[in-house]
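# Reading the structure
As a plain string of letters, each chain reads:
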Amino acid sequence: MRTLYERIGGAASITIVVDELYDRLTCDPRVSHHFDPARLTAQKAGQCAWLATAFGSPHSEPATDLRQAHRHLEISDEQVTAVLGHLEAALGVAEVDDELRRQAMSLITRLWYARVF
Amino acid sequence: MQHCVFVDGLIGRESEFAAIGSALRRADLTGVVLIGDAGVGKSHLLGATLRHADLMGFSSSAITGTRALADIPLAAFASMLPSRLAGDASDLVQIRKALQHRAGGRPIVLGIDDAHLLDDASATLAHQMAGDLTAFVVATIRSGEIPPEAVTSLLKDGLAVRIQIDAFNRVDLTSFAESTLGGSISAGIEQDLWDRTLGNPLFIRELLLQARATGALALRHDRYELVQPFASPDTLVDLIDSRLAGLSVAHHRAAALVAVGGPLEIDLLEQLVDPDALVQLEDARVLAADEVDETLMVRFVHPVYADATRRRLGRLAARQLLRELATTLAASPKRRPEDILRIATWRLDAGVEAEPALLMQAARLATGRNDHALAERLAGLAFDTEPSLRAATMIANSLVEQGRHGEAHTLLRDERINHGDASDGDRFRWAMIEASVSFWGLGSATDALRVIDDFQSEFPAATNHAVAFRGSIAAACGQPIQALAQVPVGSAAATTPLGLFTVITSLTSLGRPVLALQTVGTLPDNDRAAAGAITRVCYAFTMIDAGRVDEALALGVEGWERAVRIGDVHGRVAWSIAIGWAELNFGRRAAASRWFCDAAELARHSAASNHGVRWALGGGLLASILAGDLDAARRLRDQLDELPAHDAVMYAHMEWRGRAWLQAADEGLEFAIASLLVRIAETKARGDLAPWLFLILDVARLGRPELAVELLGDGEFDVDGALLPTIVRLLHATARRDAEDTAAASDELQLAGFRVLAAEGAAWAWAMSRENGDDARVVTMYSRRAQDMRDQIESYATPAFTGGPPEVSLSRREREIAMLVAHGHSSREVADELIIGVRTVESHLARVYAKLGVRSRVELAEVFGLAGATS
Ligand code: HEM
Ligand code: HEM
C-alpha cells in the first residue's frame, strides 16, 4: 500500500501544509506567544521533516522526539485543540482530501498523546 | 476480559509495557499483538494498557474473542452498538461511528482480548480500522493458536509488531509475588514458587493467595514466611480441588474424562457421567461447552485446569477412563469415520491392543491432519505386529514430514519389511519416498536416480511417475534442457504432478516464463499432494520472472494463508520464500526479510531437509545486504556455510548473489565479480538462463556495466515476458550510457513490478544525463523521475542509490541550507537564520550544487520540487 506521504503528495504538499500552519499559528493569540519569530524558518524545516517521517517518507531521518521538542513548554488542552485544528485546516489548504485528512489527523493526534504514554 | 484475575499494576511487566508505548509512538505501526501462553498475563497487561491510555488522553475500547461467538459475524463488536446488529454492511459503518463518537476526537486504542477467538468479520473490521489509522489495535493471542487471517496479516503487513509475553523470570517472579502479597518474601519461598510454577503468573497468584488464606503463609517481621509447606506437591491440584470441594465423585469423574480425552462431545460424556454433574461443573466455571461443527463439545474453561487434572490422576485410573471412552465411542451410533483416530489413540494409551488395519486407518487420518508424530506412532505399532511394506512406507512418510530423513532412509531398508505381499502400488510408493528422501531430503541427485533406476528395471510398465521424477530432479538441479528431454511438453509424464513441476520449472529457468505459464495453463487445485502444492509455489516464482510481481504477491499470500490453515509446513515455508523474493524486487525489503527469516526459522525447526532452509537463508542474505545490513548478512552467510550441500539449485541464485554483494562490501569489488563469473559460467553451461541473467545484471549493478554486456555476448537468446528482455535492454543501454533508453527500460521494469531495479535504472539515467552534460531541464526531469521512483520503495543500499540522490549524499547541514535556499531565501538570510557566516553558507551551497549537479538556485528549487519558490 502506498504511504500517507505519497498519497498526500510528498514533500511538495508538506511544504504547503507547514507554511499554512505557521501562518495560522503565528496569528492565533491562543498559541502565537509560544513561537519565536527568529526561529520560524528552522522550525518550519524541522516540522516538514517530522511530518514527512510521520507520514512514511521512505528516506527520512530519525524524527524529532515530540516529547523532547515540547518539554520546555507549558501547553494547555485548549492549545492542543487549537494547534490540531490549524493543522487540519492547513491540510485542507493543501487540498488533501477528506479521508486522507482524517487519517493524517488520526495519526498525528495519536503520536501527540503517545509522546508521554 | 473474563480471565483478568491479577492485581492492578504492572509488576514484572514493565519492559513489555514500555514496548507497547514505543509501538504507539511509531508512526509506521498501528498496532501490537501480545503473544503468550495461557495464564501468562496478556489480558492483564492489555487491561493495564487500556486504563493507562485513558488516563493519557486516549479513548480506549475493548472487545473480546470468545469461542461461543466465533462464528457470528461482528459478535465481538455488538455491545458497542446501541441497537442490534443489522446483519449487513451498515453494521461496519455503525460500529466505526460508535467508536469515533465515543472518542470525540481523542485517538482511539482498540483492545482485542483473545484475538484468536475473534469472528472473521470482527477481525477484518479491526484490521481495516488499523489500516486506515482509525484505531491503534492492541490484541492478545494465545501462543500456538491460529488467529483469523485478518489478525495475522496485521503482523505480516508490518502494521503491528508482536510482543512476546513470557512467563516471569526469577527476578520478575519475586517482585510479582511481593506485590501480590503486599510484603516481601523469603528466598526459600521464592525457590519453592519457582519450582512449582515456572513463572506462570496465574499459578503464582493462585498459589500465594490460597496459601495465605489457609495460613500456610504468614507475615513475620515484615516478611512472609512459609509456616507449612505449600499444600501439596502440585499447586494446581489444590486449586482444582478447592474449586471442586463439596462436589461429588461424579464431578471428579467428569472432569477426569475431559482431562484425558480432550474436548468431548456432550453425547459421549452423558453416556458416561451424570448429566447433572456436567451442569454443576459448568456453573462452577470448571467446564464450558461450545459448538464445534454443529456438535456441542465440552472442555475446561482454562487449559491449565486440564493439565492439572491430568496430573492428579493416577496412571491406572487414566487408562481405565480411556478404555471406557474408546469403547463407548466405538459403540456410539453417531460415530463418524474420523473418530477412528481417537478410538485408536485412546486404545493405545489405555494399553489395549488394536489390530493393524485399524491402526493404519488411524495413521492415515492423522497424516491428513498433519499430525505426523501421531501417524508415526500408529503406523509404528501396526508395523510391530505386521511389518508390511505399507506400514513401513507410512512411517517413512511421517518421518520425512518431520524432517527425519536419515531415519526414514534407514527404515526403508529394514530387513524385517515383508516385501512379499506388497502390492505394486505399495512398492511404487516405497520407491518414490526413498528417492524423495535421497534427493529433497538428503540432497543427493545421484542416490535418488539410482533408486529410480532400480525401480524402473523391476517395473518397466509403471514408468510415467518415475520418468517425471527423473525430470523433476534435473529441473531442480538447474538443468532445464535435460529435464525437458526427459519430460517433453505434451508427453504423458508431463501430466503427472512432478511432470508439471518439471515443465514449469524448466521453462522458467530457460528464461521462458510466459511460455511456461501458457503451457501449464491453470493449475489443478491440489492441496494434499506435496508435489501439487509446491507446483503452485513454482508457478508464483514463474510469474515473478514473467514480470507479474503484483499478481505473484496476491497468489503468494493466498497460498501462504491456505498453507497456514491446513498446517502444511512445507507449503508455508515455500510460499514465504516466494513472497519474500517478490517483495524484495517490489521494494519492500523489510517485509522481504521478515518473510525469509520466518521461512528459515520455521524450516529449521520443522524439517532437517535443507533445500528450503538454504533458499530462505539465501534470500535473507540478499535482502540484508541490499539493506546495507552487513552484520545480518555476515551472520546469514555463516549459517549457510554450516549447512550441508544440496544438489537442488533452482532458487539458489539469491544466495550466490547475496554472497557476491557481501564480498563486494567486505573484500572488494574484484572478488565479488570473480565469484559471480564462476556462477555465470556454471549456469550458462547448464542452460539455466534466468539465473544467469540475474547474475549478469548484478555485475552491472555492482558497477561493471561494460563487463555485463560482454558477458551477455552477441548471440541471440530467446527470453520472454515483461522482465527478462527488459533487463537485457537495460544492460545494453547502461553500457552505452544512453540515458533515454535506460529510462525507458526503467519504466518497463516499473510496470513489471521490479520497482527496485526500475528505481536504480532511473538513478542511472539521471547520473548519465548529468555526466553527458544534458540541458539542466532534462537533468531535472531525470532527477524528478529518479526521486519519484525512489520514493516508492524502501531504501536500498546499492551503488545506484548511494551515489546519487540528495537524500543520501547531502549532510544534515547541507540539506538544511539547500532547503532554505530552495524556499527562496538569500544566503544572508540563511546565514542569519542558522547563526553561521555567509561564507560558510556559500561554501556549503557550492558543495550542494556539485552533488546535485545543479547550477543555480532555480535549478535547486526544481530538484526539490519547489519550482517558482525563488521568484
Ligand atoms: C499536535 C501536534 C504537534 C506536533 C505534531 C508538533 C510538532 C512539533 C515539532 C516536530 C517540532 C520541532 C520542530 C523543529 O524541528 O524545530 C515542534 C516544535 C514546537 N512546537 Fe509543536 N507540535 C504539536 C503541538 C504543539 C502545541 C499544542 C504547541 C503549543 C502551542 C506547540 C508548540 C511548539 C513550539 C513553540 C515549538 C518550537 C520549540 C522550540 O524550538 O523551542 N506544538 N512541534
Ligand atoms: C521454494 C521453496 C521450495 C520448493 C520449490 C520445494 C520443492 C520441493 C519439491 C518439489 C519436493 C518434492 C515433493 C514430492 O516429492 O512430492 C520437495 C520435498 C521436500 N521439501 Fe521442499 N521445496 C521448497 C522449500 C522447502 C523448505 C523451505 C523446506 C523446509 C523444511 C522443504 C522441505 C522439504 C522436504 C522435507 C521434502 C521431502 C518431502 C518428501 O521426501 O516427500 N522444502 N520440496
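This text follows the structure it describes.
Let us look at the structure shown here. Think of each chain on its own: its residues are numbered from 1, step by step along the sequence as written. Chains carry letters from A onward and ligands carry numbers from 1 onward, assigned in written order. Residues qualify for local features only when their pLDDT is at least 70, as the model is predicted, and side-chain atom pairs are given and counted only at 80 or more; totals for whole chains, interfaces and linings, by contrast, use all residues. Side-chain measures here rest on the full set of heavy atoms in the structure, leaving out hydrogens and waters.

### Side note on the pattern of salt bridges
All names here are of chain B. We define a salt bridge as a side-chain nitrogen of Lys or Arg found within 4 Å of a carboxyl oxygen belonging to Asp or Glu. Using the criterion set out here, one finds 48 salt bridges over all chains in the structure. With a closest N to O distance of 3.1 Å, arginine 512 and aspartate 720 form a salt bridge. In this pair, arginine 512 sits in the loop between helix H24 (497–509) and helix H25 (513–520) while aspartate 720 sits in the loop between helix H35 (705–712) and helix H36 (724–735), placing the two residues 208 residues apart along the sequence. We classify aspartate 720 as buried; its relative accessible area is 13%. For arginine 634, the salt bridge goes to aspartate 666, with nearest N and O atoms at 2.8 Å. Taken together, the residues span a long stretch of sequence, with arginine 634 in helix H31 (residues 630–642) and aspartate 666 in helix H32 (residues 653–666) at a distance of 32 residues. Burial classes follow relative accessibility: with a 1.4 Å probe on protein chains only, a residue under 20% of its type's maximum area counts as buried, one over 50% as exposed, and anything between as partly exposed. Judged by relative accessible area, aspartate 666 falls into the partly exposed class, the value being 32%. Here a helix means four or more residues in a row that DSSP labels H or I, a strand means two or more in a row labelled E, and each is numbered from the N terminus.

### As for the coordination of the iron atom of ligand 2
Nitrogen, oxygen and sulfur within 2.8 Å of a metal are treated as its donors, or within 3.2 Å for sodium, potassium and calcium (Na, K, Ca); water is not counted, so a site can appear incomplete. Within the first shell, the iron atom of ligand 2 binds the protein through B:His570 (NE2) and B:His611 (NE2), at distances of 2.0 Å. Residue classification places B:His570 among the partly exposed residues on the basis of a relative accessible area of 39%.

### A word on the sheet that holds strand E4 (residues 135–142) of chain B
Picture the strands of a sheet paired through backbone hydrogen bonds; they go either parallel or antiparallel. All names here are of chain B. Pairing between strands is defined by DSSP: at least two bridges between them are needed. A sheet is described by the order of its strands in space; here five strands give the open sequence E2-E3-E4-E1-E5, paired in parallel fashion. Since the sheet does not close on itself, it has two edges, and those belong to strand E2 (59–64) and strand E5 (160–165), each with one partner. Within this sheet the neighbouring strands show an average axis-to-axis angle of 20°, counted without direction. One ladder, built from six bridges, connects strand E1 (residues 31–36) with E4; its direction is parallel. Note that in E4 the partner of valine 33 across the bridge is alanine 139. Working rule for contacts: check all heavy atoms of both residues, and any pair within 4.5 Å makes them a contact. Helix axes use the C-alpha atoms of the stretch in contact, all axes being lines fitted to C-alpha atoms, and the angles between their N-to-C directions lie in the range 0 to 180 degrees. Against the sheet, helix H1 (residues 14–24) engages E1, E4 and E5, with an angle of about 175° to E5. Running over the sheet, helix H2 (residues 42–55) touches E1, E2, strand E3 (108–113), E4 and E5 and is turned about 165° from E3.

### A few points about the coordination of the iron atom of ligand 1
Only one protein atom coordinates the iron atom of ligand 1: A:His70 (NE2), located 2.0 Å from the metal. Secondary-structure assignment places A:His70 in helix H4 (residues 66–70).

### Concerning the side chain of B:Thr726
Residues and elements named next belong to chain B. Structurally, the position occupied by threonine 726 is in helix H36. Residue threonine 726 is classed as buried on the basis of its relative accessible area of 3%. Residues within four places of threonine 726 in sequence aside, it is in contact with Ala745, Glu748 and Leu749.

### Side note on the sheet that holds strand E9 (residues 264–265) of chain B
Residues and elements named next belong to chain B. One open sheet holds the three strands; their spatial order is E9-E11-E10, and the pairing between them is antiparallel. This sheet does not close on itself; its edge strands, each paired only once, are E9 and strand E10 (287–292). Note: E9 against strand E11 (residues 295–300), two bridges, orientation antiparallel. If you follow glutamate 265 over to E11, its bridge partner there is methionine 297. The strands touched by helix H10 (residues 249–261) within the sheet are E9, E10 and E11, with E11 carrying the most contacts at an inclination of about 100°.

### Focus on the site of ligand 1
Residues and elements named next belong to chain A. Close to ligand 1 lie 20 residues; His34, Arg39, Gly46, His70 and His72 are nearest. In the environment of ligand 1, an oxygen atom lies 3.5 Å from a nitrogen or oxygen atom belonging to the side chain of glutamine 43. A 3.5 Å cut-off defines polar contacts: any pair of N or O atoms within that distance qualifies, except that in protein one atom must be a possible hydrogen donor and the other a possible acceptor, and neighbouring residues in sequence count only when both atoms are side-chain atoms. In this structure, histidine 70 approaches ligand 1 through a side-chain N or O atom, which is 2.8 Å from a nitrogen atom. Broken down by secondary-structure element, the contributors of at least two residues to the shell around ligand 1 are helix H3 (40–54), H4, helix H5 (77–93) and helix H6 (98–114). Put simply, Ala, Val, Leu, Ile, Met, Phe, Trp, Tyr, Cys and Pro go in the nonpolar bin, Asp, Glu, Lys and Arg in the charged bin, and everything else, Gly too, in the polar bin. Residues that form the shell around ligand 1 fall into these classes: 12 nonpolar, seven polar and one charged. Note on definitions. A residue lies near a molecule or strand when any single heavy atom of the residue is within 4 Å of it.

### Concerning the interface of chain B and chain A
Every contact between the two is made by 38 residues of chain B and, on the other side, 29 residues of chain A. Around 2,800 Å² of area is buried between chain B and chain A when both sides are counted, 58% of it from carbon and sulfur atoms. Considering only the surface of chain B that becomes buried against chain A, B:Arg25, B:Leu133 and B:Asp791 emerge as the three largest contributors, covering 21% of it. The interface formed by chain B and chain A includes one salt bridge. Residue A:Arg102 pairs with B:Asp132 through a salt bridge whose shortest N-O separation is 3.5 Å. The interface formed by chain B and chain A contains 10 residue pairs in polar contact (both at pLDDT 80 or more). Top contributing element to the side of chain B that touches chain A by residue count: H1(B), with four residues. Considering only residue class, the side of chain B that touches chain A consists of 14 nonpolar, 13 polar and 11 charged. A quick way to say it: buried area is the sum, across both parts, of accessible area lost when two parts are put together, with a 1.4 Å probe.

### A short note on H24(B)
All names here are of chain B. Each helix should span, by expectation, one fewer than its residue count multiplied by 1.5 Å. With 13 residues, H24 extends 18 Å from end C-alpha to end C-alpha; this agrees with the ideal 18 Å at 1.5 Å per step. For H24, a buried count of 12 out of 13 residues is recorded, marking the element as mostly surrounded by other parts of the structure. By the burial criterion, the buried members of H24 are Leu498, Gly499, Leu500, Phe501, Thr502, Val503, Ile504, Thr505, Ser506, Leu507, Thr508 and Ser509. Looking at the residues trailing H24, positive phi occurs at glycine 511, about 85°.

### Side note on helix H20 (residues 424–441) of chain B
An α-helical turn contains 3.6 residues, so a residue and the one three or four places further along point in the same direction. All names here are of chain B. For H20, built from 18 residues, the straight-helix expectation of 26 Å at 1.5 Å per residue is met to within 8% by its first-to-last C-alpha distance of 24 Å. Most of H20 sits out of view: 13 of its 18 residues are buried. With its phi angle positive at about 90°, glycine 443 sits one or two positions after the end of H20.

### A word on the environment of B:Leu209
Residue and element names in this part refer to chain B. Relative to the helices and strands, leucine 209 resides in helix H8 (residues 201–213). Given a relative accessible area of 27%, leucine 209 falls into the partly exposed group. The sequence separation of leucine 209 and threonine 180 amounts to 29 residues, and the corresponding C-alpha distance is 8.1 Å.

### Re the pairing of E10(B)
All names here are of chain B. Relative to E11, E10 is paired through six bridges, and the arrangement is antiparallel. By the bridge assignment, glutamate 291 is partnered in E11 with leucine 296. Linking two consecutive strands that pair antiparallel, namely E10 and E11, is a turn of two residues; a positive phi of about 50° is found at aspartate 293 within it.

### Some points on the nonpolar core
Residue and element names in this part refer to chain B. Here, the term nonpolar core denotes a set of buried Ala, Val, Leu, Ile, Met, Phe, Trp, Tyr and Cys residues that are joined through side-chain atoms within 4.5 Å. Of all hydrophobic cores here, the largest spans 168 residues; its most connected members are Leu378, Phe439, Ile577, Ile727 and Leu731. Domain assignment of the residues forming this core places at least three in each of domain 3 (239–349) and domain 4 (683–808). Excluding anything up to four places from it in sequence, leucine 731 contacts Ile696, Leu697, Ala700, Ala708, Val709 and Leu712. For each domain, the first and last residues come from an automatic or database assignment.

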